[in-house]
Amino acid sequence: MVTLKVEEEIMPDIIHLLPDSVANQIAAGEVIQRPASAVKELLENAVDAGADDIKLVIKNAGKTLIQVIDNGCGMSETDARMSFERHATSKIKDAADLFAIHTLGFRGEALASIAAIAQVELKTRRIEDETGTCIQVESTKVTNQEVCACTAGTSIAIKNLFYNIPARRKFLKSDTTELRHIIDEFQRVALVRPEIRFSFFNDTRPLYDLPVSNLKQRIVSLFGSTYNNRLIPLELQSDIVNISGFIGKPEFARKTRGEQFFFANGRYIRHAYLNHAVDAAFKELIPNDAFPTYFIYFSINPDEIDINIHPTKTEINFQNNQVVYAMLSSAIKQTLGKFNITPTLDFDAEQSHEIPVFSKDQPVIKPEIKVNPGYNPFESSDRFQKEQLNFKTRSESDKSWEPLYQTDPLSGPRPPESNQQRTMDQSEDPSDDQSDIGFTLGKNFIVTKVKSGLMVIHMQRAMERILFEEFLASLKSGKGISQQTLFPVTLQFTPQETAIIKELQTDLRYLGFDMEDFGENSFILNGTPSGLNNNDMKDVLDNIIENYKQQSAGAAVQKTVNLAKTMAVNMAGRHAYRMEPEEVNALIDRLFATKAPEISPDGKAVVRIIGLNEIEDKF
Ligand code: ADP
Ligand code: MG
């Protein structure tokens, strides 16, 4: 007895319930990660309320204000108060309803979460009521509720998100990044409901005004008039799933990487497996590094979908993934066939001996460079460093041209797996021998003599390699070369593009784009990267933006490397190759001064050698 009593004194019960405000804050973290999550919840509530006109207003990328005004059903006085309670929802009543959800929300968590981490003001009136209700909530507590005059519908303003959780507030990204996330969410909702008018004001400036329209017009109002002739309709009806929407014509996949959207039963979803179906269907039609554009809507019996999704997760699962995959694949192929889109001849696809493209999963191995101790830098006029590099011996049976050696396209050569190695001696580097002049062959190639035979250089890829390293150096050193434009040009962008440009402004300057914010999503260009003419400028910028958008959504490959690559590939493609003999040699010189002359930043072969023995074989 005595011992027991002592124990009780030393170790009292320690579990207790958290106060509501704390519990709500914790739960809120699940639902509201950033301003964009709150925007999504409010827009979805407005849609669920049956509104046909929804206005979004934000300030400081949603950090100080997010307001959504709708003309939907509104709420009664009691409901207005109730709406901030956790698990308070008008959308489902019991478990059975979970299997027939037709609204975007149903958990009753969003408003409770938001109220825990912000100052909220709600004004709402049902059409049948004479007066409305105005409620102020702060840290889960109603601080004020009164009768007010207001229009029918609901206006909800969220002020100072995370004001009571400094750690979370600090965690927020720059305004441009947060704005970009908000735009993403806005687009996802707007793309589901073209029959609703949406407007979006950012710091009092209108970003979007999307009139009531059909789906195609909605896509065009969101992404620009260029989409007008880029889209082909997709349609497939079946017992299991109906598929509709639009896919982008393959020829546009090359230039811009495009927008990719899946929706299931009116809700934006991500689905890697189905994305693969689209990619596969487009495979022969677009270059390897391009992405198809698509806006694809699945309509499926709700009990075929796993609805118990995490509130913020956009991943969902179809019960019958494989069937949906097959349907989607055939729908796309049929559509492409119907619109008479057949594979175009692609120089790259023809080559079966490409060097494997750099994969981010692959460990990056430090290039192994053997220094030739006998090399005397004063022996030749060449100003560039000479490296002795290893490469694989061609197999006897293989008569085709082979890459010189396996390399990592971005950083340089990798040690070969094979032990049978030859060493590329100095004279294999054509820039060594100044007396030998290279010459152009056709539009695309330079041919020059090397010790072991003929070296053929792919001009554009050579240029890509050279420019890639130059741009990379500019980005790293912050010293870009820009040529001032005689007559500054004004360029217009979409709000989303503008957000990206602002995010990249410093890098763009290093690349040579001297851009000045002119407001209203326009910029004045005072300088451009040298070698780029005015006509191509917008195109190149568009490509950079599209590329960046894709990159930041997907793999976190180094930003600078990516930018340099995009610029290099773009600029090289536009380069006018007036090739005087000296210029041919200069290009060879520049190429062999790079870290990995034999491979383009995309991992394609720049250089191939036709061996002397191969030539002898021909006789
Ligand atoms: P859920 O949407 O999951 O039901 P919320 O916390 O987002 O949960 O909203 C709680 C409830 O508040 C909703 O079920 C709805 O009845 C009401 N509500 C929220 N926003 C609006 C709105 N804009 N118009 C009318 N009612 C709303
Ligand atoms: Mg909701």
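Residues numbered from 1 in each chain as written. Chains lettered and ligands numbered in written order. Predicted model: local features only at pLDDT ≥ 70, side-chain atom pairs only at ≥ 80, totals over all residues. Heavy atoms only, no water.

J.: Describe the state of the cysteines, naming the residues involved and giving the relevant values.
T.: Structurally, a disulfide amounts to a covalent bond that connects the sulfur atoms of two cysteines. Applying the stated criterion across every chain, the model contains zero disulfides. Distance from the sulfur of cysteine 148, which forms no disulfide, to the nearest cysteine sulfur (cysteine 150) is 4.0 Å. (Disulfide = S-S within 2.5 Å.)

J.: Could you give me a rundown of the nonpolar core, with the residues and numbers involved?
T.: In terms of nonpolar packing, the biggest core is built from 65 residues, with Leu56 and Phe200 touching the most fellow members. Ranked by residue count, the leading element in this core is helix 3 (residues 35–48), at seven residues. Domain assignment of the residues forming this core places at least three in each of domain 1 (20–210) and domain 2 (217–338). Residues contacting phenylalanine 200, with those up to four places away along its chain left out, are Leu56, Ile58, Leu179, Ile182, Ile183, Phe186, Arg205, Pro206, Leu207 and Tyr208. (Core = buried A, V, L, I, M, F, W, Y, C linked by side-chain atoms within 4.5 Å. Buried < 20%, exposed > 50% of the residue type's maximum accessible area, 1.4 Å probe, protein only. Helix = DSSP H or I, 4+ residues; strand = E, 2+ residues; numbered from the N terminus. Domains from an automatic or database assignment. Contact = heavy atoms within 4.5 Å.)

J.: Break down the packing of aromatic side chains for me, citing the residues and quoting the values.
T.: Taken as a whole and assessed by the stated rule, the structure comprises 18 aromatic pairs. Each ring, one from phenylalanine 261 and one from tyrosine 268, has its centre 6.1 Å from the other, and the planes form 70°; the classification is edge-to-face. According to the relative accessible area criterion, phenylalanine 261 is buried, its value standing at 6%. With a relative accessible area of 13%, tyrosine 268 lands in the buried category. An aromatic cluster is built from Phe223, Tyr227, Phe261, Phe263, Tyr268, Phe295 and Tyr297, whose rings are joined through pairwise contacts. (Phe/Tyr/Trp six-rings, centres within 6.5 Å; stacked < 30°, edge-to-face > 60°.)

J.: Can you explain unusual backbone geometry? Please cite residues and give values.
T.: If you check the backbone angles, asparagine 160 has positive phi at about 50° while not being a glycine. Tracing the backbone through its elements, the reader meets asparagine 160 in the loop between strand 6 (153–159) and helix 6 (166–171). For asparagine 521, which is not glycine, the phi dihedral falls at a positive 60°. Looking at where asparagine 521 falls in the secondary structure, it is placed in the loop between strand 22 (514–517) and strand 23 (522–529).

J.: Account for the pattern of salt bridges, naming residues and giving values.
T.: Evaluated as defined, the whole model comprises 17 salt bridges. In this structure, the salt-bridge partner of arginine 34 is glutamate 178, at a minimum N-O distance of 3.0 Å. Taken together, the positions of arginine 34 in the loop between helix 2 (20–31) and helix 3 and glutamate 178 in helix 7 (residues 175–190) put the pair 144 residues apart, joining distant regions of the chain. Owing to a relative accessible area of 22%, arginine 34 belongs among the partly exposed residues under this scheme. Between arginine 126 and glutamate 128 there is a salt bridge whose closest N-O contact spans 3.8 Å. Judged by relative accessible area, arginine 126 falls into the partly exposed class, the value being 27%. For glutamate 128, a relative accessible area of 57% gives the class exposed. Among the charged side chains, a network of salt bridges with common partners joins Asp53, Arg197 and Asp209. (Salt bridge = Lys/Arg side-chain N within 4 Å of Asp/Glu carboxyl O.)

J.: Give a detailed account of the layout of surface pockets, specifying residues and quantitative values.
T.: By volume, the second largest pocket is sized at about 1000 Å³. Elements represented by at least two residues in the lining of the second largest pocket include exactly helix 3, strand 2 (65–70), helix 4 (77–82), helix 5 (110–117), strand 6, helix 7 and strand 12 (267–269). Here the residues of the lining of the second largest pocket are counted per class, giving 22 nonpolar, 14 polar and 14 charged. When residues of the lining of the second largest pocket are assigned to domains, at least three fall in each of domain 1 (20–210) and domain 2 (217–338). (1 Å grid on protein atoms, 1.4 Å probe; cavity = no way out; pocket = protein on both sides within 12 Å on 5 of 7 lines; lining within 4 Å. Points joined across faces, edges and corners; volume = space filled by probe spheres on them. Nonpolar A, V, L, I, M, F, W, Y, C, P; charged D, E, K, R; others polar.)

J.: With reference to specific residues and values, describe the sheet that holds strand 24 (residues 607–611).
T.: Strand pairing in a sheet is mediated by backbone hydrogen bonds. Such pairs are either parallel or antiparallel. Taken together, four strands build an open sheet; the order of strands is 18-19-20-24 and the sheet is antiparallel. For this open sheet the edge positions go to strand 18 (439–441) and strand 24, each flanked by a neighbour on one side alone. The mean inter-strand angle of the sheet, taken between neighbouring strand axes irrespective of direction, is 35°. In this structure, strand 19 (residues 445–450) lies alongside strand 20 (residues 453–458), joined through six bridges in antiparallel fashion. Among the inter-strand pairings, threonine 448 is bridged to a residue of strand 20, identified as methionine 455. (Pairing = 2+ DSSP bridges. Axes fitted to C-alpha atoms, helices over the stretch in contact; angles between N-to-C directions.)

J.: Please provide a residue-by-residue account of the sheet that holds strand 6, values included.
T.: Across the sheet, eight strands lie side by side as 5-4-3-6-2-1-7-8; this open sheet has mixed pairing. Each edge of the open sheet carries a strand with a single partner, namely strand 5 (141–148) and strand 8 (205–210). Looking at each pair of strands side by side, their axes are set apart by 10° on average, direction ignored. Pairing of strand 4 (residues 132–138) with strand 5 involves seven bridges; the strand directions are antiparallel. Its bridge partner lying in strand 5, glutamate 138 is registered against lysine 141. The sheet strands contacting helix 3 are strand 1 (53–59), strand 2, strand 6 and strand 7 (197–202), and the helix crosses strand 2 at an angle near 10°.

J.: Explain the side chain of asparagine 521 to me, and be specific about the residues and the numbers.
T.: Relative accessible area serves as the criterion here: at 15%, asparagine 521 is assigned to the buried category. With residues up to four places along the chain from it excluded, the contact list for asparagine 521 reads Leu207, Leu491, Gln492, Phe493, Thr494, Pro495 and Thr498.

J.: Can you tell me about the side chain of glutamate 464, naming the residues and giving the values?
T.: Locating glutamate 464 in the fold gives a position in helix 13 (residues 459–477). Buried and unpaired, glutamate 464 has no salt bridge, with arginine 461 as the nearest side chain of opposite charge at 5.9 Å. Residue contacts for glutamate 464: discarding those within four places in its chain leaves Ala568, Val569, Ala572, Ser600 and Pro601. (Lys, Arg positive; Asp, Glu negative; His and termini not counted.)

J.: Describe the site of ligand 1, listing the residues and the values that go with them.
T.: Around ligand 1, a shell composed of 19 residues is seen, among which Asn45, Thr89, Ser90, Lys91 and Gly108 lie nearest. A distance of 2.8 Å separates an oxygen atom of ligand 1 from a polar atom in the side chain of asparagine 45. Within the complex, the protein chains bury 92% of what would otherwise be the 530 Å² of accessible surface of ligand 1. Among the cavities detected, the one that contains ligand 1 is the second largest pocket. Grouping the constituent residues of the shell around ligand 1 by class yields seven nonpolar, eight polar and four charged. (Near = heavy atom within 4 Å. Polar contact = N/O pair within 3.5 Å; in protein donor to acceptor, adjacent residues only side chain to side chain. Areas by Shrake-Rupley, 256 points an atom, 1.4 Å probe, with all protein chains shown as cover. Sits in = over half its atoms within 2 Å of the grid points.)

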